[in-house]
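Observations on the model geometry
Listed here are the chains, written in short residue letters.
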Amino acid sequence: MKILKYTMLIMIMMALSWSCQVPNDTGGSADLDSRVESLLKQMTLEEKVGQMNQYNGFYDVTGPAPSAGDAKNKYEHIKKGLVGSMLNVRGASEVRKMQALAVDSSRLGIPMIFGFDVIHGHKTLSPIPLAEAASWDLEAIEKSARIAAIEASAEGLNWTFAPMVDISRDARWGRVMEGAGEDTYLGAKIGVARVKGFQGDDLSANNTIAACAKHFAGYGFAESGKDYNTVDVGSVSYYNVIFPPFKAAIDEADVKTFMNSFNIVNGVPATANTYLQREVLKGKWGFKGFVISDWSSGREMIDHGYARDLEHVAELAANAGSDMDMESYAYVKHLVDLVKAGKVKESVVDDAVRRILRVKFELGLFDDPYRYCDEAREKELIYHPDHMAAALDMAKKSIVLLKNENKLLPLQNDGRKIAVIGSLAQDKDSPLGNWRMAGEDNTAVSFLEGLDAYGVDYKYAKGAELITGPTAFPVELQVNTTDKSGFKEAIRLAKKSDVVIMVLGEHGLHSGEARSRAHLGLPGVQQELLEAVYKVNKNIVLVVMSGRPLAITWADEHIPAIVEAWQLGTQTGHAITQVLYGEYNPSGKIPMTFPRHVGQVPIYYNQYRTGRPGPKNEVFWPHYMDESEKPLYPFGYGLSYTTFAYSDLNVEVKGNNKVEVSVNVTNTGEVAGEEVVQLYINDEVASVVRPIKELKGFEKISLEPNEYKQIKFTIGEKELGFYNGEGKFLIEQGAFKVFVGTNSEELLEGEFVLE
Ligand code: GLC
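Residues numbered from 1 in each chain as written. Predicted model: local features only at pLDDT ≥ 70, side-chain atom pairs only at ≥ 80, totals over all residues. Heavy atoms only, no water.

All right, on to the overall build of the chain then. The secondary structure content of the chain amounts to 24 helices and 27 strands. In the chain, buried positions account for 61% of the 755 residues. Of the contacts made within the chain by residues no fewer than 6 positions apart, 77% connect residues no fewer than 24 positions apart. Of the roughly 28600 Å² that the chain leaves accessible, carbon and sulfur atoms contribute 52%. Between the mean site of the 80 positive side-chain charges and the mean site of the 101 negative ones, the chain shows a separation of 3 Å. (Helix = DSSP H or I, 4+ residues; strand = E, 2+ residues; numbered from the N terminus. Buried < 20%, exposed > 50% of the residue type's maximum accessible area, 1.4 Å probe, protein only. Contact = heavy atoms within 4.5 Å. Areas by Shrake-Rupley, 256 points an atom, 1.4 Å probe, with all protein chains shown as cover. Lys, Arg positive; Asp, Glu negative; His and termini not counted. Charge placed at Lys NZ, Arg CZ, Asp CG, Glu CD.)

Looking now at the side chain of N606. Considering the arrangement of structural elements, one finds N606 in the loop between α23 (572–580) and β19 (644–655). In this view, N606 contacts R169, D183, P691 and K693; residues no more than four positions away in its chain are not counted.

A few words now on helix α8 (residues 138–154). For α8, built from 17 residues, the straight-helix expectation of 24 Å at 1.5 Å per residue is met to within 8% by its first-to-last C-alpha distance of 24 Å. Within α8, 12 of the 17 residues are buried, which leaves the element mostly enclosed by the surrounding structure. The set of residues buried in α8 consists of A140, I141, S144, A145, I147, A148, A149, I150, E151, A152, S153 and A154. Summarising the contacts, the buried residues of α8 are in contact with α6 (92–105), α7 (129–133), α9 (184–199), α17 (375–381) and α18 (385–398). Taking the backbone nitrogen of E139 as reference, a side-chain oxygen 3.2 Å away marks D137 as the first, capping residue of α8. After α8 finishes, the residue G156 shows a positive phi value of roughly 95°. (Expected span 1.5 Å × (residues − 1). Polar contact = N/O pair within 3.5 Å; in protein donor to acceptor, adjacent residues only side chain to side chain.)

Before going further, it helps to examine the confidence of the model for the chain. Overall, the prediction assigns the chain a mean pLDDT of 94, with 93% of residues at 70 or greater. Counting contacts from residues 1–7, a segment whose pLDDT is below 50, to residues more than four positions away or on other chains yields zero contacts. Here residues 9–20 is a poorly scored stretch, pLDDT under 50, and it has five contacts once near neighbours within four places are set aside; other chains count. (pLDDT = per-residue confidence, 0-100.)

Here strand β6 (residues 257–260) shows a buried face lined by T257 and M259 and a second buried face lined by F258 and N260. Here strand β5 (residues 212–216) pairs with β6 via four bridges, running parallel. By the bridge assignment, F216 is partnered in β6 with N260. Relative to strand β9 (residues 290–292), β6 is paired through three bridges, and the arrangement is parallel. Across the sheet, F258 pairs through a bridge with V291, a residue of β9. (Pairing = 2+ DSSP bridges.)

Take the sheet that holds strand β11 (residues 400–404) next. With mixed pairing, six strands are arranged side by side in an open sheet as β11-β18-β17-β16-β12-β13. Of all the strands in the sheet, just β11 and β13 (458–461) have a single pairing partner and so form its edges. Averaged over neighbouring strand pairs, the angle between their axes works out to 15° when direction is ignored. Across the sheet, α23 is in contact with β16 (499–505), β17 (540–545) and β18 (561–564); its angle to β17 comes to roughly 145°. (Axes fitted to C-alpha atoms, helices over the stretch in contact; angles between N-to-C directions.)

Summed over the entire model, instances satisfying the criterion amount to 46 salt bridges. Across the salt bridge formed by K256 and E362, the nearest N and O atoms sit 2.9 Å from each other. Here the residue K256 occupies a position in the loop between α11 (244–251) and β6, and E362 occupies one in helix α16 (residues 346–362), the gap between them amounting to 106 residues. What makes K256 buried here is its relative accessible area of 9%. A salt bridge links D441 to R436, with the shortest nitrogen-to-oxygen separation between them at 3.1 Å. You can call D441 partly exposed: its relative accessible area is 45%. Within this structure, D117, R175, E178, K214 and E513 form a network of salt bridges that share partners. (Salt bridge = Lys/Arg side-chain N within 4 Å of Asp/Glu carboxyl O.)

Right, dumping it as structure tokens:
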């Protein structure tokens, strides 16, 4: 009898446990909501709070590592359903194992979502995001994100902490490498392209992943360019410069998650900023996804002097709309008690959990928690030749030709004696850039390997190392080298060569998070090396590899040919070689102003006129006594092996706040080339002062020699309007200037009046 009773009990328990499963997916948003509600009703408060908790895995640490005590409970917490997400776990089999702990051991079997920093490629690395932005090629950028999603999902991942859509005007800040530069319009277009690439058309497919617009908000305006530093900018800047790329990610690409930022916003840390997360993001903008904190940004509110202790962190962050806690352990430790004490309403927790569950349903994780854990796919897709080809295409399009005196470029592979100098020329690691994450170190095609593959006969001399100290982390222990012992060999080689290609710039990990620089010249002894070689041979092609704009002013004044090659990822060497030898005509345009000197920073094209716009002949206007106020290279600047002429600018007001602009662009050179035609406007008088010009349209076109095209732009309310300090969108009548041209300074000018 007793056995029968237990059997019956087990049968009932099993039936009960299965009844906690969610109803099958019959599709549609209403159905999604009902599935979420059905599951939410079954969850205990502890299980709900568990969904709001994200732990770091055991692979990469991308922030201050937690105290060992906190980390030891991870497995137990997963089995109890107290972990909604993991970051930094990857590999189909590893994710499967971790997922099984949650699905098989916890009461409701709710699958975890696995997040990772898929920033510029996953295993096949594309150029750093700032380099991709220099292509102005939205299709190529979307494809680059698509491929990153294919490889990341093949490794079991279903969520990336990208795109970073922070606008920044300060090249001292190391994370400029991770964004799309200084301009809001271009940054919004690129952010949308990246979200679409990651999320694809069907989020439940096993090769698409949820994207994350980060860091919300204002992180790129850190004072002095120091990462994590104070941000203190006015609401007009938030509404007109900082917010639009975030809003576009929702409105035009349905981004599923946001990440809030480390910095304060108007004195309140973003993670606990109700105005930012509830009033703007979830209120005005109607965001339906969920918000994750940045790594321990919750706990860091104690350091900010905003929270008393971790319990207070949990209370402030949850009430302010930060839905998931990355590595602060605040929610998992305190949120249940805070709800029981009435300090956080259970409805606040329910809202956060609904948002999280909804994304998991959309990813298909409830239909198949192991959908992304297919080892066969992993083997087939990682480093797929198609991905390599796309990475090469993206890299070529990202390169910017900054100077080309006497048509030194493109080089002819005609037996001239070529010298190659600079440690970066043989470097297979730095070109991968920072935020390479799953990328394998030393897997870039070096420049020398690119020359070899192209069949170029050259001699090489390193000249000087970049750094001394450990070549990987902790980068902080690395110092720029002072050793000039290699100069002699380099100079000897340069003397007897026809052309010298110098590859100089930054170590791959000297930009990125926590990598701010106070100087923007060529690091270490590279400037001295450049000048020493120049003394014996002026026929120099300078290839700059960097994660940020550098103040290469001496080079611009002396070196005949200069190419910005950023950090181009896996296919670096092939891309640079094919551009230097004319296989691809460079078409890149800088997405961020290059300063003449770090003292000019922050420097950007779309500045306000001020009350003394200058330049005037007297001293009373914004200028320096010891430096030009002009940039070295302006936003949108980039040359080609051909030339383009702009003519016949026509501006027509069509009524209803619509203006049509057209211009003719002719290829006046001898080779085919691509040109990024740029449209800027200036609202001359407005109730909130407007920048002297703002990018409001662009089109990348290809032209054969002597071919011309008429390019048309339509300016509408979205382009004409602006936000006032209260966040109200305004379109005001009055006089506007309109500019069209090849960069933010070389422009045809027109005007119109909005009636
Ligand atoms: C880092 C970064 C953020 C990243 C996160 C997880 O500190 O600020 O961009 O996504 O932690 O690695």
